[in-house]
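Each chain, written out:
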Amino acid sequence: MGGVMEFDAALDLVLREASRVSRMGLEEVELLASRGRVLAKEVLSERDQPPFDRATRDGFAVRAADVRTEMAIVGQVRAGEQWRGEEMRAGQAIEIMTGAPMPEGADAVVMVEHVRVEEAQVRVQEGRGLTAGENVVPRGAEARAGEVVLPRGTVLGAAEIALAAACGAATVAVYERPRVAIVATGDELVELRDAPKDWQIRNSNSYGLAAMVDAAGGEAVRLPVARDEREALRERLTEGRECELLLLSGGVSMGKYDLVEEVLAEVGAEFFFTGVRMQPGKPVVFGRLPPRQSDGAEFGGRYFFGLPGNPVSTQVTFHCFVEPMLRAMGGAEVQGPRFAQATLGENVPGRAGLMRLLPAGLTSTRVRPEVRLVGWKGSGDLGANARANCYAVLPGDVEGFRAGDVISVLLR
Ligand code: AMP
Ligand code: MG
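In short, a report on the structure. (Residues numbered from 1 in each chain as written. Chains lettered and ligands numbered in written order. Predicted model: local features only at pLDDT ≥ 70, side-chain atom pairs only at ≥ 80, totals over all residues. Heavy atoms only, no water.)

Re the packing of aromatic side chains
In the structure shown here, the tally under the stated rule is 9 aromatic pairs. Ring geometry for phenylalanine 286 against phenylalanine 305: centres 4.6 Å apart, planes inclined by 15°, an arrangement best described as stacked. Of this pair, phenylalanine 286 sits in strand β22 (residues 285-288) while phenylalanine 305 sits in strand β23 (residues 303-307), and the two are 19 residues apart along the sequence. Of the two residues examined, phenylalanine 286 and phenylalanine 305, each falls in the buried class. (Phe/Tyr/Trp six-rings, centres within 6.5 Å; stacked < 30°, edge-to-face > 60°. Helix = DSSP H or I, 4+ residues; strand = E, 2+ residues; numbered from the N terminus. Buried < 20%, exposed > 50% of the residue type's maximum accessible area, 1.4 Å probe, protein only.)

Right, here's the structure in full:
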């Protein structure tokens, strides 16, 4: 089991496990509080959408079959009103506004831009034919009453919230957020409230991870830093298994005090992989704790990731592997990392070997997005990581990249 894998094989394993996770419980939340949450019960269309044949242009409602160059204006219907006059007859037109229901008998709207109004007459521009249904969305064309408009598993963003609002959903049922234990490991780490000695490092990973967990729909539980000692690590594993997912950072490389893998193995963990051929992020570990622990407690096989301690590696591996897992645990459809494509804005000298994911800036001053690397001093360079807004993906089997090449980028 385990071993060092190619990126795609590792991702396959994460997605396979992600498709097996059990569902979280449900809670009902106010619609506006649901952004970023995952729907646990589908949202149905309250009624036909649109609820009436809707004019989509300002103009004149007519019967397409008998449009004439000159027609008599017999009334007006505004949005929020309903035509109460007589059914329209041949040669008649009713002034209508965008969003208003079509009057009985009318089946098309001549745009106001295409007519000239003279007193009670409307003159349609020469040669302007009109077909039935033009500038009208028929009742129920977008959705039928009772139809599912937002299925279970939908992640709620602005578009979904607007649709739910259109369906009268004042509250929605969402999945509870999976809790994610965050354990930073390292003898050199000090917390934010403490003053670091010259040779010490602030624990930044716990904060970065907590922010990423939150953005990916989880609830971060930051545990105290674990020293690079077996006992301390074991203790944190015991605390961490209370959460649905366990993230460790640091201690997964080849150093003498990198004990994370060893301690996980001692408690009977199953490893899906213990490394991925990527840079940064090679030491990343993915596995599952045994359902029954040595103290006899049952915890239903918690998944864990051992992320490399270097802060850029931590973040890259989170986006690649943890995010898809966490979203699936939260009830969303199983999906891989958010890759897109962009045009490389500069030459990048090749270094065939590992697949690289380098901090980069994606700019969209044109419709065609362009990506350039951010200068960095390696996977500890948090400044470069913050100046970036994505990671440029440079496959290991390509010798050199040229400006104009289309490459993948990992969005964050
Ligand atoms: P490790 O993966 O434990 O070998 O750590 C690799 C590098 O990342 C070292 O330079 C560590 O000091 C640094 N590092 C490890 N954990 C953290 C953390 N929680 N916050 C900031 N830097 C860290
Ligand atoms: Mg360490």
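Once you've had a look at it, read on.
What to know about the sheet that holds strand β14 (residues 179-184)
Across the sheet, 6 strands lie side by side as β17-β14-β18-β23-β22-β19; this open sheet has mixed pairing. Every interior strand has two partners, whereas the edge strands, β17 (219-222) and β19 (270-273), have only one. For this sheet, the mean angle separating the axes of adjacent strands, direction not counted, is 25°. The pairing of β14 with β17 spans 4 bridges and is parallel. Residue pairing in the sheet places isoleucine 182 in a bridge with arginine 222 of β17. (Pairing = 2+ DSSP bridges. Axes fitted to C-alpha atoms, helices over the stretch in contact; angles between N-to-C directions.)

Brief notes about the sheet that holds strand β5 (residues 59-62)
Sheet architecture is open: 6 strands sit in the order β8-β5-β7-β6-β10-β9, paired in mixed fashion. Two strands bound the open sheet, and with one partner strand each, they are β8 (108-111) and β9 (115-118). Adjacent strand axes in the sheet meet at a mean angle of 40°, parallel and antiparallel pairs treated alike. Where β5 and strand β7 (residues 92-96) come together, 3 bridges link them in antiparallel fashion. Note that in β7 the partner of phenylalanine 60 across the bridge is glutamate 95.

Overview of unusual backbone geometry
One can expect most non-glycine residues to show negative phi and most peptide bonds to be in trans. Here the bond from glutamine 49 into proline 50 is cis, since omega is -10°, no more than 30 degrees from zero. By the element assignment, proline 50 lies in the loop between β3 (43-44) and β4 (54-55). Geometrically, the link from glutamine 279 to proline 280 is a cis peptide bond, its omega value of 0° lying close to zero. Mapping proline 280 onto the fold places it in the loop between β21 (278-279) and β22.

What about the site of ligand 1?
The full set close to ligand 1 counts 17 residues, and Glu188, Asn203, Ser204, Gly251 and Gly309 are the nearest of them. Here a nitrogen atom of ligand 1 and a backbone polar atom of serine 204 are 3.1 Å apart. When the free accessible area of ligand 1 is taken as 480 Å², the share hidden by the protein chains comes to 78%. Of the residues assigned to the shell around ligand 1, the class counts are 4 nonpolar, 10 polar and 3 charged. (Near = heavy atom within 4 Å. Polar contact = N/O pair within 3.5 Å; in protein donor to acceptor, adjacent residues only side chain to side chain. Areas by Shrake-Rupley, 256 points an atom, 1.4 Å probe, with all protein chains shown as cover. Nonpolar A, V, L, I, M, F, W, Y, C, P; charged D, E, K, R; others polar.)

Digging into helix α6 (residues 311-329)
At phenylalanine 318, α6 shows its maximal kink, close to 45°. Taken across its 19 residues, α6 has 18 buried, putting it largely inside the fold. Downstream of α6 by one or two residues, glycine 331 has phi in the positive range, about 105°. (Bend = angle between axes of the 7 residues up to and from the residue.)

Quick look at the packing of helix α3 (residues 205-215) against α6
Running from N to C, α3 and α6 cross one another at 30°; their axes reach a closest spacing of 10 Å. In terms of their interaxial angle, α3 and α6 are classed as roughly parallel. The two elements α3 and α6 meet at a crossing, and its hand is right-handed. Only Pro311, Thr314, Gln315, Phe318, His319, Leu326 and Arg327 of α6 make contact with α3, whose side of the interface consists of Asn205, Gly208, Leu209, Met212, Val213 and Ala215. Taken together, the residues of the contact of α3 with α6 sort by class into 7 nonpolar, 5 polar and 1 charged. (Parallel < 35°, antiparallel > 145°, perpendicular 65-115°, else oblique. Left-handed = near helix turned anticlockwise from the far one by under 90°. Contact = heavy atoms within 4.5 Å.)

Description of the pattern of salt bridges
Enumeration over the complete set of coordinates arrives at 22 salt bridges. Of the charged contacts, one joins glutamate 27 and arginine 37 as a salt bridge, the two residues approaching to 2.7 Å between their closest N and O atoms. Of the two residues, glutamate 27 sits in strand β2 (residues 26-30) while arginine 37 sits in the loop between β2 and β3, which places them 10 residues apart along the sequence. Among the residues examined, arginine 37 registers a relative accessible area of 6% and is labelled buried. Among the salt bridges present, the one from aspartate 48 reaches arginine 139, with a minimum N-O distance of 2.9 Å. Here the residue aspartate 48 occupies a position in the loop between β3 and β4, and arginine 139 occupies one in the loop between β11 (136-137) and β12 (148-150), the gap between them amounting to 91 residues. What makes aspartate 48 buried here is its relative accessible area of 11%. In the salt-bridge network here, residues are joined through shared partners; they are Arg16, Glu17, Arg20, Glu270 and Arg288. (Salt bridge = Lys/Arg side-chain N within 4 Å of Asp/Glu carboxyl O.)

Brief notes about the side chain of histidine 319
Among the secondary structure elements, histidine 319 is positioned in helix α6. Once you skip the residues sitting within four places of it in the chain, histidine 319 turns out to touch Met212, Pro324, Pro337, Tyr391, Leu410 and Arg412.

Focus: the side chain of glutamine 92
Assignment of secondary structure puts glutamine 92 in strand β7. Within the structure, glutamine 92 has its side chain in polar contact with the backbone nitrogen of arginine 89 (distance 3.0 Å). Setting aside its immediate chain neighbours within four residues, glutamine 92 contacts Ala61, Val62, Met71, Ala72, Val74 and Glu87.

From the geometry alone we can't say anything about function, so treat these as descriptive.
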